[in-house]
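Below are the chains, spelled out letter by letter.
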Amino acid sequence: DVVVLEEGADPTTATYRDIMVQKLSGDLSEADFSGANLLDIDFSSANLRGATFSGATIASSEQDIGVERIDSVFTGANLIETDFSGIGTTIDADFQYIQSTNSTFEDANLVGSIFFMSRMDAIRFDRANLEGVSFGGVDSLGLNFTAANVRNGGFFHGNLRGARFIDADVAGANYFGANLT
């Protein structure tokens, strides 16, 4: 089982499928995770409004013993005005069903991450590496992908009103059923 921390509690780890997982939930608004090494962290449903992850590593640790890996998870988290600029992740971070406004993922490495069915407005992905990222079903207004790598990304059935892909690499991206007006 995963330990769920009460508001104000110190982080506690729990073993799940032979992988150390940390669950951080509750009100983490304005928290500063700058430069932190956040492997296998579960922020599901956390309030991360105004939090800073600038320069942090958000990834999953690969295990050599053949057990299933647990990805860093932000499912359902509040990411309004959250700063993810310059984060590094090498393994699929999970941002499904998030709500995010005025956040930045500039210069972030988010290869293979998932933003499925999220509500995202005025988000900056400038110069980010988003190769293979899924934005399927996203409802958004004013996403900015200036000079970003979105090769083989999935924007299927997304509402991408006002999205800008200036100088972005969009080779192989899937826009099936997406609204790009």
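Residues numbered from 1 in each chain as written. Predicted model: local features only at pLDDT ≥ 70, side-chain atom pairs only at ≥ 80, totals over all residues. Heavy atoms only, no water.

Caption draft 1: Region of interest: the side chain of Asn-144. Residue placement: Asn-144 occurs in the loop between strand S10 (139–141) and strand S11 (159–161). Excluding residues within four positions of it along the chain, Asn-144 makes contact with Ile-123, Arg-124, Phe-125, Asp-126 and Arg-164. (Helix = DSSP H or I, 4+ residues; strand = E, 2+ residues; numbered from the N terminus. Contact = heavy atoms within 4.5 Å.)

Caption draft 2: Up close: the sheet that holds S10. Strand order across the open sheet formed by 4 strands is S7-S9-S10-S11, with parallel pairing between neighbours. On the outer flanks of this sheet lie strand S7 (99–101) and S11, each paired with one strand and no other. Neighbour-to-neighbour, the strand axes of this sheet turn through a mean angle of 5 degrees, independent of strand direction. Note that strand S9 (residues 119–121) and S10 share 3 bridges and pair parallel. Residue pairing in the sheet places Arg-119 in a bridge with Asp-139 of S10. (Pairing = 2+ DSSP bridges. Axes fitted to C-alpha atoms, helices over the stretch in contact; angles between N-to-C directions.)

Caption draft 3: The pattern of salt bridges, seen in detail. By the definition in use, this model includes 6 salt bridges. Here Asp-107 ties to Arg-127 by a salt bridge, and the two come within 2.9 Å at their closest N and O atoms. Residue Asp-107 is found in the loop between S7 and strand S8 (109–110), and its partner Arg-127 is found in the loop between S9 and S10; the two are separated by 20 residues along the sequence. Residue classification places Asp-107 among the partly exposed positions, given a relative accessible area of 43%. Here Asp-139 and Arg-161 are joined by a salt bridge, their closest N and O atoms 3.1 Å apart. Here the residue Asp-139 occupies a position in strand S10, and Arg-161 occupies one in strand S11, the gap between them amounting to 22 residues. With relative accessibility at 28%, the residue Asp-139 sits in the partly exposed group. Look at Arg-161 and you get partly exposed, because its relative accessible area is 24%. One network of salt bridges, in which partners are shared, links Arg-119, Asp-121, Asp-139 and Arg-161. (Salt bridge = Lys/Arg side-chain N within 4 Å of Asp/Glu carboxyl O. Buried < 20%, exposed > 50% of the residue type's maximum accessible area, 1.4 Å probe, protein only.)

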